[in-house]
Amino acid sequence: MCRGCFNQLFLRPELHSEGLAGPLGEADAPTRRAFMAYSVAAASAMSAVGAGPAMAADEGADFILRGGTVRPLPGAPVASAVAIKGGKVLAVGEESQLSALRTSATKVVDLAGRTALPGLIDPHCHTILASLIFELLDDVGYARYPTRDGLVAHLKQEAENTPKGQWVVGSNFDNLLQGGDFTRAELDAISTDHPIFVWYTNGHDACVNTEALTVAGIAEDVGGLPGGGHFGRAADGRLNGMVYEESAMLKFAVHFLGKITPEVAAGAVTDFCRHVASLGNTMLHEPGTIRSDWIEPFAKLSNSLACRTSASVMFDDMKGLAPFRGYGLGAKGATIANSLFSLYGVKIVGDGSNQTETGAQTKAYLNSTSKGSPNFDASQLKQMVAEVKAFGLPVQIHCNGDSMIDIALDAIEAAYAGSADYGVNRIEHATMARPDQILRMAALNVQPSFLMNHVRFYGAAYRDQIFGPERAAFMDPAGACVKAGLTFTLHTDGPCSPPGPLALIETAMTRRCVIDHSVVGPDQAVSLDDAIRAVTIDAARQLGQGDRLGSLETGKEADLTILESDPYKVSPDAVAAIKVSETWVAGERKFAA
Ligand SMILES: [Zn+2]
Ligand SMILES: [Zn+2]
């Protein structure tokens, strides 16, 4: 699912107190002071060791992390210590080998048997949207309310706790996992005194009650809205409460969200990054749901965030990257000066989502005649991708269905002819890629990034309701990529699935759907080495950062994820539950449990 790729509701000027120019504003993040206080406390908690007489203090390591398992890169020798200086990896090795780097100023951190990995990267997470949704809306999703009865009881309770006339709003509702679409009547039974708005986790849809229709001024005879917004109708022709697409949802959102101030936006992003750091992330890539005029404030904010950030912009806003060319984009991506923020390429949304059967397929969905439909025909997409290439950037095309992947690969082949000189061209999600398309991607130097939580949460639904067992077994086909020698990465597409890289690793290894505990497509399981590469070095390379990030090697940025247990020493089914102990970014501890 990809809400962010489609739905930019939260980026609409109607919802921001200072228009598009400054949604993140100049404001310091509200929690910055807390972070600084934390950093001071953390630093003083570390012990300085005796000076090595042979070395002046400014020549040695700033930090030596020792006494654990250091895994610099899948396939590389395992070490027990890592030395850091100036925010970069100075050396990786055995503690005895690094002792010459100790000075009186070196702070030694005892790993105490913990395991240090390269910092984990989510190469496709809609940072700003996820932040605002987590911060501003009540999460009524499957993780909290796995049954319909529990969800309805919660909404009733919310209504009871809310003064009459005020909104009751929920987000992340999952119609596939939480009992099907809500109806207007069902929400009216919860309250007729409060307007109710339940936003689907697919990002495209919402359901409202009668009072919400009244407050938003939606008449029974309302037609379609500009921008594709429309309203569902029951068999008797009356509005059934379903609200589709951004322009229709905005009619309600302006009432319940009010104006998002720069302080609120900055605070939300700060809190979200702190949350994902606690799950092990040291970097998030925002694939397009940012506007180019937000880049500067976002870069400014990045220094106080708990993880690095990176972004691409949507095709329509491509030219907005021009002022940043000097910093490096695509293959030469670099951090914007004095920030922990980098830019990559250009995003195009090719089709819809398989959960709503709007991904563009070559074969009809199960028990249906519909194949979904692409957002662009082949010649349109060729023209767009040619423009991206002419601008000197890589392209990231959202394709959930195999028909859309055909169209995207044709366009990429025509423009780039197999070259990755502008950076890696990516197929986002590539959920239903066919075997021949995996081979074609390899031949064209195009790489997929899989939303592996599709298997985790929707694997059973794909098999039983959407595609049938044979096609579902080849969903998110990471195993086929390994066989073909095709590099792939793993992402959450937050807020469309829960953040956290360890669950991606676990599911890539087990192919287990947590809804019914079945294994979906065991042939597509990959090794732990392959799964870790997909959220470290290969993710870094898909963001133009492979020479700086993604592994613990001398001269690279000191980004680390420290785990309580070694993922190589637990069962694959236990990887997601491993506790994240610390994260470090550029040699600074950003999170500690
Ligand atoms: Zn997408
Ligand atoms: Zn997305």
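**Here we look at the sheet that holds strand β14 (residues 281-288)**
Here is step 1: Ordered by their spatial adjacency, 8 strands build an open sheet running β7-β14-β15-β16-β17-β18-β19-β20, and the pairing between neighbours is parallel. The two strands at the open ends of the sheet, each matched to only one other strand, are β7 (120-122) and β20 (489-490).
Here is step 2: Of the pairings in the sheet, the one linking β14 to strand β15 (residues 308-314) comprises 6 bridges and is parallel in character. In the strand pairing of β15, M283 is matched with R308.
Here is step 3: Strands β14 and β15 of the sheet are contacted by helix α9 (residues 262-278), whose axis makes an angle of about 130 degrees with β14.

**Topic: the layout of surface pockets**
Leftover empty space is mapped by rolling, across the atoms, a probe with the size of a water molecule.
Here is step 1: In this model, the largest pocket occupies a volume close to 640 Å³.
Here is step 2: Lining the largest pocket are 28 residues, and of these A143, F457, S497, P498 and P499 sit closest to its centre.
Here is step 3: Mapped onto the lining of the largest pocket, the elements with two or more residues apiece are α9, α14 (453-466) and α17 (501-510).
Here is step 4: For the lining of the largest pocket, a count of residues per class yields 17 nonpolar, 8 polar and 3 charged.

**What about the nonpolar core?**
Here is step 1: Counting 126 residues, the largest nonpolar core has F197, F252, L381, V385, I427 and M441 as its most contacted members.
Here is step 2: Of all the elements, helix α12 (residues 402-416) adds the most residues to this core, at 9 residues.
Here is step 3: If we skip the residues at most four places from it in the chain, F197 touches W167, V168, V169, G170, A206, C207, V208, M249, F252 and F256.

**Structural notes on the sheet that holds strand β9 (residues 168-173)**
Here is step 1: Strand order in this open sheet of 6 strands is β8-β9-β10-β11-β13-β12, and the pairing throughout is mixed. If you trace the sheet from one side to the other, it starts and ends with β8 (138-139) and β12 (230-233), each paired once.
Here is step 2: Note that strand β10 (residues 196-200) and strand β11 (residues 205-208) share 3 bridges and pair antiparallel. By the bridge assignment, W199 is partnered in β11 with A206.
Here is step 3: Each of β8, β9 and β10 touches helix α5 (residues 148-161); the most contacted strand, β9, lies at about 155 degrees to it.

**Looking at the environment of Q157**
Here is step 1: Residue position: Q157 is located in helix α5.
Here is step 2: For Q157, a relative accessible area of 41% puts it in the partly exposed group.
Here is step 3: When the C-alpha positions of Q157 and I190 are compared, they lie 9.1 Å apart, and in sequence the two are 33 residues distant.

**Here we look at α12**
Here is step 1: Look at α12: 20 Å from first C-alpha to last across 15 residues, which is about the 21 Å you get at 1.5 Å a residue.
Here is step 2: Within α12, 11 of the 15 residues are buried, leaving the element largely enclosed by the surrounding structure.
Here is step 3: In this structure, the buried side of α12 is in contact with α11 (378-390), β17 (395-399), β18 (425-429), α13 (435-444) and β19 (446-450).
Here is step 4: Count one or two residues on from α12 and you reach A417, which has phi positive near 50 degrees.

**Observations regarding the packing of aromatic side chains**
For any pair of aromatic rings, geometry is given as the distance between the ring centres together with the angle between the planes.
Here is step 1: Enumeration according to the criterion identifies 12 aromatic pairs in this entry.
Here is step 2: Residues Y365 and F467 carry aromatic rings whose centres are separated by 5.4 Å and whose planes lie at 40 degrees to one another, so their mutual orientation is tilted. One end of the pair, Y365, is in the loop between β16 (341-349) and α11; the other, F467, is in the loop between α14 and α15 (469-472), and 102 residues separate them in sequence. A single burial state applies to Y365 and to F467, both of which are buried.
Here is step 3: In this structure an aromatic cluster arises from ring pairing among W167, F197, F252 and F256.
Here is step 4: Over the ring of F182 we find R148; its NZ or CZ atom is 4.1 Å from the centre of that ring.

The rules behind the values
Residues numbered from 1 in each chain as written. Chains lettered and ligands numbered in written order. Predicted model: local features only at pLDDT ≥ 70, side-chain atom pairs only at ≥ 80, totals over all residues. Heavy atoms only, no water. Pairing = 2+ DSSP bridges. Helix = DSSP H or I, 4+ residues; strand = E, 2+ residues; numbered from the N terminus. Contact = heavy atoms within 4.5 Å. Axes fitted to C-alpha atoms, helices over the stretch in contact; angles between N-to-C directions. 1 Å grid on protein atoms, 1.4 Å probe; cavity = no way out; pocket = protein on both sides within 12 Å on 5 of 7 lines; lining within 4 Å. Points joined across faces, edges and corners; volume = space filled by probe spheres on them. Nonpolar A, V, L, I, M, F, W, Y, C, P; charged D, E, K, R; others polar. Core = buried A, V, L, I, M, F, W, Y, C linked by side-chain atoms within 4.5 Å. Buried < 20%, exposed > 50% of the residue type's maximum accessible area, 1.4 Å probe, protein only. Expected span 1.5 Å × (residues − 1). Phe/Tyr/Trp six-rings, centres within 6.5 Å; stacked < 30°, edge-to-face > 60°. Lys NZ or Arg CZ within 6 Å of the ring centre and 35° of its normal.

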